[in-house]
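Reading the structure
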Amino acid sequence: MQSGGNFRLVVRRGPQPNQVYELNKDILSIGRDITNDITINDPECSRHHARLTRGGGGYTMEDLGSTNGTFVNGQRLTGARPLTSGDLIGLGETVSLIYEATSMAAGPGGPPQGPGSQATMVGAASQDQYARPQQQAPGYASAPPPPPAPAYSYEDEQVTGGGTGRWIFLGCGCFIVLCIIFSVVAIIVIDSTCAWDDIPILAGIVEAMGLEVDPASCT
């Protein structure tokens, strides 16, 4: 606890990084609503998220029943807690602020008092907070990019996939046409000579086709 001096909050992560809020009232409210003394427009903040109350040696913080909680140095608040310079305050998962105490330097040999003579009283705990890597909010973990999808060509598929089948189809069609032509010619020739009984295969074809041969027409 600090015995006196000025206090402030510095945004380390949130909508306005490095934004400084001077704590100059005995009671200050923090939240998303514009009626608060300190307004932080972030979805993780409730409308009225937390309250700062000044005492003899500094400020005390308490949560106002927020949805995502108020944290001091990683511990969720369940009641009022006195703050020490360098404490890391978290509002939900995405907003963090540093609580700092500043005082006027005085005494023989010290720097003169007045504007610009304030010294920031940040201890080793504050340095650790600055050096500590920020914890990434859930759902935002980085992942290696997926490999590029192979190029797809519809024309290649048509050429490579349908070439063989097309030639087989054409070959079968030509074969069937030749067989029909051959059968018709053979029937005409044999019918003109009446040689059905001499060629058993042709006789079977004639019977299967239901043709009747008139013996009187044979020469």
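Before any of the text, the structure's been laid out above.
1. Topic: the overall build of the protein
Broken down by element type, the protein carries three helices and twelve strands. Buried positions account for 28% of the 219 residues belonging to the protein. Looking at the protein alone, contacts between residues at least 24 apart form 41% of all its contacts between residues at least 6 apart. Within the structure as shown, the protein displays about 14,400 Å² of accessible surface, and the carbon and sulfur contribution to it stands at 59%.

2. Concerning the sheet that holds strand β5 (residues 50–54)
Overall, mixed pairing links the five strands, which are arranged β4-β3-β5-β6-β9 in an open sheet. The sheet is open, and its two edges are formed by β4 (38–39) and β9 (81–82), each paired on a single side. Pairing analysis gives four bridges linking strand β3 (residues 27–31) to β5, with the strands arranged antiparallel. When the sheet's bridge partners are listed, Leu-28 is paired in β5 with Leu-52.

3. Some details on unusual backbone geometry
In the Ramachandran plot, Asn-18 falls in the positive-phi region, its phi being about 70° despite a non-glycine side chain. Note that Asn-18 resides in the loop between β1 (6–13) and β2 (20–23). Given the relative accessible area of 55%, Asn-18 is considered exposed. Although it is not a glycine, Asn-73 sits at a positive phi angle of roughly 55°. Residue placement: Asn-73 occurs in the loop between β7 (70–72) and β8 (75–76).

4. A few points about the environment of Asp-37
Tracing the backbone through its elements, the reader meets Asp-37 in the loop between β3 and β4. In the structure, Asp-37 is positioned 14 residues away from Arg-51 in sequence and 9.6 Å away in space, judged by C-alpha atoms. Those residues within four positions of Asp-37 in sequence are excluded, and the remaining contacts are Lys-25, Ile-27, Leu-28 and Ser-29. At 2.7 Å, the side chain of Asp-37 forms a polar contact with the side chain of Lys-25.

5. Some points on the nonpolar core
If you look at the biggest cluster of nonpolar residues, it comprises 23 residues, and the most contacted ones within it are Leu-9, Leu-23, Ile-40 and Leu-52. Those elements giving two or more residues to this core turn out to be β1, β2, β3, β5, β6 (59–63), β10 (88–91) and β11 (95–104). Top contributing element to this core by residue count: β11, with four residues. If we ignore the near neighbours within four places in the chain, the residues touching Leu-52 are Leu-9, Leu-23, Asp-26, Ile-27, Leu-28, Ile-30, Tyr-59, Thr-60, Met-61 and Leu-83.

Cut-offs and rules
- Note that residues are indexed from 1 along each chain, following the sequence as it is written.
- Per-residue local features of the predicted model are confined to residues with pLDDT of at least 70, and side-chain atom pairs are confined, for both listing and counting, to 80 or more; whole-chain, interface and lining totals are unaffected and use all residues.
- To get the side-chain values, all heavy atoms of the structure are used, and hydrogens and water are removed first.
- A run of H or I in DSSP counts as a helix once it spans at least four residues, and a run of E counts as a strand once it spans at least two, with each numbered from the N terminus.
- Burial classification: accessible surface area is computed with a 1.4 Å probe over protein chains only, and a residue below 20% of its type maximum counts as buried, one above 50% as exposed, and the rest as partly exposed.
- Contacts are residue-level and defined by heavy atoms, with any inter-residue pair within 4.5 Å sufficient.
- Each accessible area is a Shrake-Rupley result for a 1.4 Å probe, and residues are judged covered by the shown protein chains and nothing else.
- When DSSP finds two or more bridges between a pair of strands, those strands are recorded as paired.
- Under the rule applied, a polar contact is a pair of N or O atoms within 3.5 Å (in protein, one hydrogen donor and one hydrogen acceptor; residues adjacent in sequence only if both atoms are side-chain atoms).
- By convention a nonpolar core is built from buried Ala, Val, Leu, Ile, Met, Phe, Trp, Tyr and Cys residues, the set being connected through side-chain atoms within 4.5 Å.

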